[in-house]
Structures are given as structure tokens and as C-alpha cells.
Amino acid sequence: MNTQMPIGVDDFKEVREDYYFVDKTHFIQSLIDGHSKVTLLTRPRRFGKTLTMSMLDYFFSLEREQESLHLFDGLQIARAGIDYMKHRGQYPVLFMTFKGIQNDTWDLAFNAFQLVIQKEFQQHRYLLDSPELAPEEKQLYSRFLDNTATLAEYQISLLYLCEYLYRYYKIRPIILIDEYDAPIQNAYNHGFYDTAISYFRTFYNNTLKGNEFLNFAILTGVLRIAKESIFSGLNNLRVCSILDNAYADVMGFTEEEVSQIAKDTGEEQALPTLKKWYDGYRFGNIDIYNPWSIINFFAERTADDYWVNTSSNDIIQHMMQGNAKSQEKNLPTLLHGGTVAAIIREGLIYKDITQNKDGLYTLLLMTGYLTAVQNTTVPNGHLCQLRIPNEELTHVFQSEILNRLCADSGDVSDLYMMINHLLSGQVTAFSEELQTYIEQLVSVYDAANKESFYHGLVLGMTALVLNDYYVESNRESGYGRFDIAIFPRKPNLPGVILEFKVAPTEKDLKDKAREALQQIEKQQYIAEFKQKQIPSVLKYGISFCGKKIYVTR
């Protein structure tokens, strides 16, 4: 058995011939059993969308009939029997991907779109020799080949090509469009969203709505863009997102599939590590592992941040922009294993991302940065409890908090030293470093004498030590509720408990810090530490007044 992992390989034939393959051909069987006229599958990036579409192309395409003769031998679709395999190589197929349309102006993006359409017309150049096409139709076809067609003609290009193929083969074609929403995401990021959404709305409606020559169409993407924005009037569209049970196991690896890979590669001892690092996604009712990270793990034989390093993670920066900035307080909650509640409305309108919490969390869920642990259907959406799915994504959020805390100074090492001094009981060094940090980076208007501000600031800093500690905030212990408690994950490390007070004047700082320390003793906040058999606990009373602080132990 070939156990070489197909990193970055998304051509089905190449994977089948040269690499380890996880059999997903039951998807083909499901489509043959029954499908909608148009199906949209939304999944996060690097979850196997392009490879899945390539698999469909090789199976159904009559132009690949000889190429695919033995590609499906021994797979689930072949074992399903002749009634399914008789569909292999029997349909004209239009297969294109828009994921390469990543340009910073509309003109360049449209040129990239032209090249995608040109390539598809080149695949069927033989139509120019067909008597089924009239001379003026061949002239139009030639304009698509040399990129001289008009903007309006490109909007109806696939409808034309469907008709030409139907007249040639007397069989209705299948359309496969991979990463359908990539041009729209790109346009939003670069400021020409309205132009792009208007253009592609007409393109998709011409292609998919009322196309009498279409057999069926499958689209993949990351997001379901609001129907009124891009699929206006398209009443034959079925959307299968990560919240739906339909086709839930088609992209990403199930637990059984990961176990089989581990067995085939002799790495069964790695299963607990794989679960911790790359599991945690929930598609419909199925537990899913990140496939990109899994195949990279088996190639490198070590756990690392594979998926998050394949592109920028600027999506989390939306938590710091516009009205969504208020949501940054939820970052520590998520990092400490907590959940955030949000209404998920899958028909996304991009302007909602920074204007309301639900648009933001819909984006984070659909793009794979969060996962839904509870899902309740409500009018026009889903009420979900969201959390960070695994260790790899925890590192992303940790990094974003670090970037936020060091946005102006850039002194990451200083921040780590400050936290290390806190954890080792070096109160003088910690106090001096925290004072310097607040003076340099915190506005007096941010602080505004609110204990919750300082509490959130220090809680955010603890995100840097979650590998060795776990943190609880505002939890009952003893006879009251402590502010922040830091519990070691390893033996022989001390615990830490912090209590905050706001002083009315700078003269009161020392007294308020001592009051905070006394409160720890009086309320017996260390009770939970004793219960967990943590023998040593560092106790800190911290007082604030504007940009001035006092720390005592």
C-alpha cells in the first residue's frame, strides 16, 4: 500500500495513482441516488473541496472515460455495483475552479475570470468543427478562446457552452464550480464588492436558473453568500453547510478514517495527539478532523500548526474592527475552553461581519475557526454555542491576542518575561513591567477606573501560558468569587490567584492592593487549589488608578 501523503495534490487521478487515498466515492453514489438541480457545499479552506470536485469530474466526464477506466477499481462506488458504475464516463462535464481569482482590482479580477472561462472553452475546442454550431455561434466561441468577448457575453458564457455540448452529445452536461465565492471574498477584501456581487449575480443566475440544457450542478465554497445577493430568484438551489447532515462526511476525515490512516502508516500511538490537535469539528452530526493537518502530520510525523499556516488569519482581526471590536473580550473566554453564543444565519451579507456579532461569528464558524457544540434551530437561523475546536486553532487565537497586546510596542519577549515573573513570584519585576506596559499602551480612557478593564487585560495576557496552565475567571471558591486563578497542568508548578481593586486616588493604591490580598485570605479563595492538591499558591493583590498600579504579595 502506498502511504505517501498527497500534500497539495488535488487532482484525483494523480492521488489515486501516486498517493494514499481516503475513499470518499460514496458521494458519487449519493448523487446518483438523487440530487437537487443545483447543490452548494460549503466547507472551510483546505478541507478537500477541489479534490472532491476533481473526483466527480473523472467519474462522470465522457471525455475522461478512458482515463478513468481503472481509477475507481476497488473503491466504494465500484463495490456498489454496475447500476452505479454504468454512469462512469457518460456525461459532458464543465469543471472549473475560481480559487485563483485573488486580485486587488476589479479589472485584474475580471481578467482572471476570463482566463478560467477561456480554459473551459479550450477543453471543448472540438465544438468549432461541429455542424451543430451556426457560423455566428462559432464566431462567439472564438471570442471566448481569444478573450475578446464582452462583459455581458461572459455573463452568459456557460449557458452557451451547455447548449453547445447538449446539441453535440444529445446529453445534458454537468457543471462543477469549485470555490464559487472566492471572487466575492476577494472583492470584499479589496474594496470592489458591489461591482463583483452585481456581475456574478447575473453570471450565476444565467448559468443555473432556468438552464434547460443543464443536467445538474455542484458548487463548493467557504461561505453561503446571501441568496438575495448572488442567487436572486434561484429556487432550485440546495445548500449543504457544515450545520447540515447531508453529505456531512464527504469532506474532512471521520474518526474511523483517521484511525485507518494511523493503522496503515503504523502510527496508531499518535491517535490521542491527533484528536487533541486536529479533531473538534462538527459537520452535521458527524465528528470531523481537519484533513490538511492530518495528511501533513503523517507526512512529517509530528504535530504542528499546518492548516493555520496555509494563509493569513486576518479573519480574526474582524473581531477588532468596527462594532465587532466589542467582541474581543470573548477571546480569553474562548481560549480558556469556554463557549460564545451566537445566532448563525448562513446567508451571509458581508457588511454584517463588522456590524453585528452574529455576522462575525457566522464567518468564524463557516471558515473553520470555531465549531458548534450546540445547535438549536430558531426562526431564520441557528442558535449555536461556539468554541475553539482544537489545539491548532487555539494557537491562532493565542497569536491574535499576543498581536493585540503588543500591537504598538511589538515587544513580544517583554510580555512573555512579564508573565514568567508573575508565575514565578517575582513581584517587583512583574509590577515594574506591568506598570511600564500600562503607561505605554493603555489609554486612560480605556481604563476609566473600571475593574473589568484591568481584569480583562490581565486575563488576555494569560493566553500566553495555556500550554502549561489553565485559567479560571470569576469562579466561586471558598466563601466568594475570585477574579483570576491560574492552575498548573504539571506537578511541582505553583498556582496563582489574583484579586483586583480600583483605587479612587493614587494615594489609596497600596491600601487597596493590601485589601485585595486580605480578601483572598478572608474568603479562602485557595480552597479550590487545595482540592486539586496544588500545595503552593502565589497570591497577588493588584490595585489600579488610571494608568498607575500597585502589586503586593
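Quick summary incoming for the structure in this document. (Residues numbered from 1 in each chain as written. Predicted model: local features only at pLDDT ≥ 70, side-chain atom pairs only at ≥ 80, totals over all residues. Heavy atoms only, no water.)

Remarks on unusual backbone geometry
The cut-off we apply is this: What counts as a helix is a DSSP run of H or I of at least four residues, what counts as a strand is a run of E of at least two, and both are numbered from the N terminus. Here the term buried applies to any residue with accessible area under 20% of the maximum for its type, exposed to any over 50%, and partly exposed to those in between, with areas from a 1.4 Å probe on protein chains only.
In the Ramachandran plot, asparagine 492 falls in the positive-phi region, its phi being about 75° despite a non-glycine side chain. With respect to the element layout, asparagine 492 can be found in the loop between β15 (484-488) and β16 (495-502). Its identity as a non-glycine residue notwithstanding, glutamine 533 has a phi of 60°, on the positive side. Mapped onto the secondary structure, glutamine 533 falls in the loop between α24 (527-531) and β17 (537-545). With relative accessibility at 70%, the residue glutamine 533 sits in the exposed group.

Quick word on the packing of aromatic side chains
For any two aromatic rings, the description comes down to two numbers: the centre-to-centre distance and the angle of the planes. Applied cut-off: The aromatic pairing rule takes the rings of Phe, Tyr and Trp, using the six-membered ring of Trp, and pairs them if the centres are within 6.5 Å, calling planes under 30 degrees apart stacked, those over 60 edge-to-face and the rest tilted.
Scanning the model with the defined rule gives 51 aromatic pairs in all. A ring pair is formed by phenylalanine 98 and phenylalanine 203, whose centres lie 6.2 Å apart and whose planes are at 55°; its orientation type is tilted. Of this pair, phenylalanine 98 sits in the loop between β2 (93-97) and α6 (106-123) while phenylalanine 203 sits in helix α11 (residues 193-208), and the two are 105 residues apart along the sequence. The same class applies to phenylalanine 98 as to phenylalanine 203, namely buried.

Some words on the packing of helix α7 (residues 135-145) against helix α9 (residues 157-169)
This is how it is decided: Fitting a line to C-alpha atoms yields each axis, with helices limited to the stretch in contact; the angle taken between N-to-C directions then spans 0 to 180 degrees. Roughly parallel means an angle under 35 degrees; roughly antiparallel means over 145; roughly perpendicular covers 65 to 115; every other angle is labelled oblique. Here a crossing is called left-handed whenever its near helix is offset anticlockwise from the far helix by less than a right angle, and right-handed whenever the offset is clockwise. By the convention used here, residues are in contact when the closest approach between their heavy atoms is within 4.5 Å. Three residue categories are used. Nonpolar comprises Ala, Val, Leu, Ile, Met, Phe, Trp, Tyr, Cys and Pro, charged comprises Asp, Glu, Lys and Arg, and polar comprises the others, including Gly.
Contact geometry of α7 with α9 gives a least axis separation of 12 Å together with a crossing angle of 130°. In terms of orientation, α7 and α9 fall into the oblique class. The chirality of how α7 crosses α9 is left-handed. Counting all contacts with α7, which are made through Glu137, Leu140, Tyr141 and Phe144, the residues of α9 involved are Ser157, Tyr160, Leu161, Tyr164 and Arg167. Looking at the contact of α7 with α9 residue by residue, the class counts come to six nonpolar, one polar and two charged.

Things to note about helix α10 (residues 182-190)
Taken residue by residue, α10 has Ala182, Pro183, Ile184, Asn186 and Ala187 as its buried positions. Where α10 terminates, the next one or two residues include glycine 191, which has phi positive at roughly 90°.

Looking at the sheet that holds strand β5 (residues 237-240)
What counts is decided by this rule: For two strands to count as paired, DSSP must find a minimum of two bridges between them.
Across the sheet, five strands lie side by side as β2-β3-β4-β1-β5; this open sheet has parallel pairing. Each edge of the open sheet carries a strand with a single partner, namely β2 and β5. Across this sheet, the average inter-strand angle for adjacent strands is 10°, counted without regard to direction. Sheet topology note: the strand β3 (residues 174-178)/strand β4 (residues 216-221) ladder contains four bridges and is parallel. Residue pairing in the sheet places isoleucine 175 in a bridge with alanine 217 of β4. Strands β2 and β3 of the sheet are contacted by α9, whose axis makes an angle of about 155° with β2.

Focus: the side chain of aspartate 483
To keep it simple, the criterion reads: Neither His nor the chain ends contribute to the count of charged residues, in which Lys and Arg are positive and Asp and Glu negative. One speaks of a salt bridge when a side-chain nitrogen belonging to Lys or Arg is within 4 Å of a carboxyl oxygen belonging to Asp or Glu.
You can see aspartate 483 is positioned in the loop between β14 (480-481) and β15. Salt bridges are absent for the buried aspartate 483, whose nearest opposite-charge side chain, lysine 501, sits at 6.7 Å.

Observations regarding empty space enclosed by the protein
Applied cut-off: A pocket, in this scheme, is an open set of points on a 1 Å grid over the protein atoms alone with protein on both sides within 12 Å along at least 5 of 7 lines, while a cavity is a set where a 1.4 Å probe fits but cannot get out; residues line either one if an atom lies within 4 Å of a point. Grid points are joined across faces, edges and corners, and a volume is the space filled by probe spheres set on the points.
This model, assessed by the stated rule, comprises one cavity of 30 Å³ or more. Put simply, the largest cavity is a space of about 30 Å³. Lining the largest cavity are Pro44, Ile242, Tyr281, Arg282, Phe283, Leu365, Gly368, Leu370 and Thr371. Among the elements that take part in the lining of the largest cavity, strand β7 (residues 281-283) stands out by supplying three residues, more than any other. For the lining of the largest cavity, the per-class residue count stands at six nonpolar, two polar and one charged.

A short note on the pairing of strand β11 (residues 381-387)
Where strand β9 (residues 340-344) and β11 come together, five bridges link them in antiparallel fashion. By the bridge assignment for β11, alanine 341 is matched with glutamine 385. Sheet analysis places strand β10 (residues 371-378) next to β11, joined by seven bridges and oriented antiparallel. Bridge pairing in β11 places alanine 372 opposite leucine 386. Linking β10 to β11, which pair antiparallel, is a turn of two residues; within it asparagine 380 sits at a positive phi near 65°.

Overview of the packing of α6 against α7
Closest axis-to-axis distance for the α6/α7 pair is 8 Å, and the angle between their directions is 125°. By the angle between their axes, α6 is oblique relative to α7. For the pair α6 and α7, the contacting residues are Ile117, Gln118, Phe121 and Gln122 in the first and Tyr141, Phe144 and Leu145 in the second. Residue composition of the contact of α6 with α7, grouped by class: five nonpolar, two polar and no charged.

Here's the deal with α11
We apply this condition: A helix's residues, less one, multiplied by 1.5 Å, set its expected span.
Compared with an ideal rise of 1.5 Å per residue, which puts 16 residues at 22 Å, α11 spans 22 Å between its outermost C-alpha atoms and is within 8% of the ideal. Those residues of α11 not exposed but buried are Tyr193, Ala196, Ile197, Tyr199, Phe200, Phe203, Tyr204, Asn205, Thr207 and Leu208. Just downstream of α11, glycine 210 is the residue with a positive phi angle, here 65°.

As for the nonpolar core
What counts here: For the purposes of this section, nonpolar cores are sets of buried Ala, Val, Leu, Ile, Met, Phe, Trp, Tyr and Cys residues that join through side-chain atoms within 4.5 Å.
With 81 residues, the main nonpolar core has Ile294, Ile344, Tyr361, Leu386, Ile486, Leu498 and Tyr540 as its most contacted residues. Sorting elements by how many residues they give to this core places helix α17 (residues 357-366) first, with six residues. Those residues within four positions of isoleucine 344 in sequence are excluded, and the remaining contacts are Leu243, Tyr361, Thr362, Leu365, Met366, Gly381, His382, Cys384 and Leu386. One finds Leu133, Leu161, Phe192 and Leu234 within the second-largest nonpolar core, a separate group that totals 52 residues.

Some details on the sheet that holds β9
If you trace the three strands from one edge of the open sheet to the other, you get β9-β11-β10, paired in antiparallel fashion. Every interior strand has two partners, whereas the edge strands, β9 and β10, have only one. Pairwise comparison of adjacent strand axes, ignoring direction, gives a mean angle of 25° for this sheet. Contacts from α17 reach β9, β10 and β11, with the element oriented near 95° to β9.

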